[in-house]
Amino acid sequence: MNNFSYERLHSNLQYLKLNTIEEVLDNYLEIAARDSKTTMEVLDYLFEQEKKYREAAAIERKMKSAAFPVKKTLEEFDFEFQKSIDKKAIEDLATLRFVHNSENVVFLGPPGVGKSHLAIALGIEVAKAGISVYFTNTGNLIEKLKIANREGMLEKKLKGFMKFKVLIIDEMGYLPFDEEGAHCLFQLISRRYEKSSTIFTSNKSYGEWGEIFKDQVIAAAVLDRILHHCTTINIRGESYRLKERKKHGIKSGNIYQ
């Protein structure tokens, strides 16, 4: 390859933003010449490296936009400790069939049993599959919706949340909603019904959701939409944080939710 062709090749790779190919090109051409690689093999390798880099970059962008508070994976979850959980049910959810079918997932159980861990872990699987996902605490979500409602921007805010194929709403039930908050959340859940998937975590049984919304009618309407296409995972085990406290001999103190 003469110098003109070499420079033009690199210039064109930069122009086309094939940055990974440009980065590995020189080294791989030496390897290809040494190992008598065919032109097809060279092209296949170079474009495969470019594709892998772009896929990884896309996943990283989705992970960042998802706003996960921490990174939790399914591999890290201690199914031996939480024996009330059917591991096969979680593995089935990890196939993301529920996402493609626009179904919901609800994790129920007392504080500290791993509800948020599993919700985040599923969210990470969603991001790794190149699907849009967003994590939010219920209190923060309600506050954002109420502010938008007061500013006449609720419709725009709802459309913003609809951009995510999977929405994770954490800690349903830790604090009750006022009438405005309940109305706003009902609007969001109604919009997402049968169009996209929502993952919830809650420390309240479904029978107690009327207390969250302070209105049995709205609670029933919300649950009707959530549960129509839904997998519910009830976790009845001991708190992980309590387990750690016992392990270290701490008998009293605050157990954070």
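Residues numbered from 1 in each chain as written. Predicted model: local features only at pLDDT ≥ 70, side-chain atom pairs only at ≥ 80, totals over all residues. Heavy atoms only, no water.

1. Quick look at the domain arrangement of the chain
Each assigned domain of the chain is listed here: domain 1 (3-64) and domain 2 (67-246). Between the C-alpha centres of domain 1 and domain 2 there is a distance of 41 Å. Listed as interface residues are four residues of domain 1 and, on the opposing side, eight residues of domain 2. Carbon and sulfur atoms make up 69% of the area that domain 1 and domain 2 hide from each other, which totals about 530 Å². Three residues, Ile59, Lys62 and Met63, lead the burial of domain 1 against domain 2; their summed loss comes to 93% of the area buried on that side. The tally of links between domain 1 and domain 2 comes to one residue pair in polar contact (both at pLDDT 80 or more). (Domains from an automatic or database assignment. Contact = heavy atoms within 4.5 Å. Buried area = accessible area lost by both parts, 1.4 Å probe. Polar contact = N/O pair within 3.5 Å; in protein donor to acceptor, adjacent residues only side chain to side chain.)

2. Quick notes on helix H11 (residues 216-227)
Its 12 residues give H11 an end-to-end C-alpha distance of 16 Å, which sits within 8% of 16 Å, the value for a rise of 1.5 Å per residue. Every buried residue belonging to H11 is among Ala219, Val222, Leu223 and Ile226, and all of these are buried. Within H11, the buried residues cover an arc of 95 degrees as seen down the axis, which keeps them to one side. Along H11, exposed side chains directed more than 90 degrees from the buried face belong to Val217 and Asp224. (Helix = DSSP H or I, 4+ residues; strand = E, 2+ residues; numbered from the N terminus. Expected span 1.5 Å × (residues − 1). Buried < 20%, exposed > 50% of the residue type's maximum accessible area, 1.4 Å probe, protein only. Arc of directions from axis to C-beta.)

3. Considering the pattern of salt bridges
Summed over all chains, the structure comprises nine salt bridges. Among the salt bridges present, the one from lysine 51 reaches glutamate 48, with a minimum N-O distance of 3.7 Å. Taken together, the residues lysine 51 and glutamate 48, both in helix H3 (residues 39-66) and three residues apart, mark about one turn of the helix. Residues arginine 191 and glutamate 155 are paired through a salt bridge, measuring 2.5 Å at the closest nitrogen-oxygen approach. In this pair, arginine 191 sits in helix H9 (residues 179-192) while glutamate 155 sits in helix H8 (residues 154-162), placing the two residues 36 residues apart along the sequence. With relative accessibility at 27%, the residue arginine 191 sits in the partly exposed group. Taking relative accessible area as the criterion, glutamate 155 reaches 39% and is therefore assigned partly exposed. (Salt bridge = Lys/Arg side-chain N within 4 Å of Asp/Glu carboxyl O.)

4. Focus on the packing of H3 against helix H6 (residues 115-128)
The N-to-C vectors of H3 and H6 enclose an angle of 145 degrees; their axes lie 8 Å apart at closest approach. Handedness of the H3/H6 crossing: right-handed. The residues of H6 that touch H3, namely those facing Ile59, Lys62 and Met63, are Ile124, Ala127 and Lys128. Class assignment of the residues belonging to the contact of H3 with H6 gives a composition of four nonpolar, no polar and two charged. (Axes fitted to C-alpha atoms, helices over the stretch in contact; angles between N-to-C directions. Left-handed = near helix turned anticlockwise from the far one by under 90°. Nonpolar A, V, L, I, M, F, W, Y, C, P; charged D, E, K, R; others polar.)

5. Quick look at the environment of serine 132
Mapped onto the fold, serine 132 is located in the loop between H6 and strand S2 (133-137). Put simply, serine 132 and phenylalanine 213 are 81 residues apart on the chain and 28 Å apart in space, counted from C-alpha to C-alpha. Residues in contact with serine 132, not counting those within four places in the same chain, are Lys62, Val126, Lys163, Phe164, Lys165 and Val166. At 2.9 Å, the side chain of serine 132 forms a polar contact with the backbone nitrogen of lysine 165.

6. Digging into the layout of surface pockets
Approximately 170 Å³ is the volume found for the second largest pocket. Lining the second largest pocket are 14 residues; nearest its centre among them are Thr138, Gly139, Leu175, Pro176 and Phe177. For the lining of the second largest pocket, the secondary structure elements donating two or more residues are helix H7 (138-150) and strand S3 (166-172). Here the lining of the second largest pocket gets five residues from one element, more than from any other, and that element is H7. (1 Å grid on protein atoms, 1.4 Å probe; cavity = no way out; pocket = protein on both sides within 12 Å on 5 of 7 lines; lining within 4 Å. Points joined across faces, edges and corners; volume = space filled by probe spheres on them.)

7. Some points on the nonpolar core
Core analysis: the largest hydrophobic core is formed by 30 residues, its most contacted members being Ile90, Phe107, Leu118 and Ile199. At the level of elements, helix H4 (87-94), helix H5 (97-100), strand S1 (104-108), H6, S2 and S3 are the ones that each hand at least two residues to this core. Among the elements that take part in this core, H6 stands out by supplying eight residues, more than any other. Core analysis: the second largest hydrophobic core is formed by 27 residues, Leu108, Leu154, Phe164 and Phe177 among them. (Core = buried A, V, L, I, M, F, W, Y, C linked by side-chain atoms within 4.5 Å.)

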